[in-house]
Amino acid sequence: MNMIITAIKIVFISIISIFYYPVNTFFRFFQAHYRKWKKEDRISFYIATPLYYLLFLISATLSIPFENTAMGMHPPLEKFK
């Protein structure tokens, strides 16, 4: 039974990572431009603000279960206590 639960967790982590990685990569790419626009081009900054916060919300929502489940699957490191 424990092996089945572990397999389900691995599948869950894999599915979330398929969505999390591209969203987070695009968010970080967009964030660099968004911060540059804040100083240089205020109109583009205001137009891009809803997309920025939407990407932040999606990335944060996916990262919470992904990181918690992945950290729970990691074996403990006894030497680093």
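Provided above is the structure to which this section pertains.
Residues numbered from 1 in each chain as written. Predicted model: local features only at pLDDT ≥ 70, side-chain atom pairs only at ≥ 80, totals over all residues. Heavy atoms only, no water.

Asks: Help me get a handle on helix H2 (residues 42-73), residues and values and all.
Replies: Compared with an ideal rise of 1.5 Å per residue, which puts 32 residues at 46 Å, H2 spans 44 Å between its outermost C-alpha atoms and is within 8% of the ideal. Residue Ala48 marks the point of greatest curvature in H2, where the axis turns by about 45°; the proline Pro50 follows within four residues. Regarding H2, the residues found buried are Phe45, Ala48, Thr49, Tyr52, Leu55, Ser59, Ser63, Phe66 and Thr69. Next to the buried residues of H2 lie helix H1 (2-40). (Helix = DSSP H or I, 4+ residues; strand = E, 2+ residues; numbered from the N terminus. Expected span 1.5 Å × (residues − 1). Bend = angle between axes of the 7 residues up to and from the residue. Buried < 20%, exposed > 50% of the residue type's maximum accessible area, 1.4 Å probe, protein only. Contact = heavy atoms within 4.5 Å.)

Asks: An account of a positive patch on the surface is requested, with residue identities and associated values reported.
Replies: There is a patch of like positive charges on the surface, built from Arg35, Lys38, Lys39 and Arg42. Here the positive patch takes 3 residues from H1, the largest share from any one element. Looking at where Lys38 falls in the secondary structure, it is placed in helix H1. (Patch = residues over 30% accessible without salt bridge, like charges linked within 9 Å, V, L, I, M, F, W, Y side chains within 5 Å. Areas by Shrake-Rupley, 256 points an atom, 1.4 Å probe, with all protein chains shown as cover. Salt bridge = Lys/Arg side-chain N within 4 Å of Asp/Glu carboxyl O. Lys, Arg positive; Asp, Glu negative; His and termini not counted. Charge placed at Lys NZ, Arg CZ, Asp CG, Glu CD.)

Asks: Kindly report on a nonpolar patch on the surface, identifying the contributing residues and their values.
Replies: A cluster of nonpolar side chains, Phe26, Phe29, Leu51, Leu54 and Ile58, forms an exposed patch at the surface whose accessible area comes to about 450 Å². At the level of elements, H1 and H2 are the ones that each hand at least two residues to the nonpolar patch. Among the elements that make up the nonpolar patch, the one with the highest residue count is H2 (3 residues). In this structure, Phe26 sits in helix H1.

Asks: I'd like a description of the packing of H1 against H2, backed by residues and values.
Replies: The geometry of H1 relative to H2 is characterised by a closest axis approach of 7 Å and an angle of 155° between their N-to-C directions. Judged by the angle between their axes, H1 and H2 are roughly antiparallel. Here H1 runs over H2; the crossing is left-handed. Class assignment of the residues belonging to the contact of H1 with H2 gives a composition of 25 nonpolar, 9 polar and 6 charged. (Axes fitted to C-alpha atoms, helices over the stretch in contact; angles between N-to-C directions. Parallel < 35°, antiparallel > 145°, perpendicular 65-115°, else oblique. Left-handed = near helix turned anticlockwise from the far one by under 90°. Nonpolar A, V, L, I, M, F, W, Y, C, P; charged D, E, K, R; others polar.)

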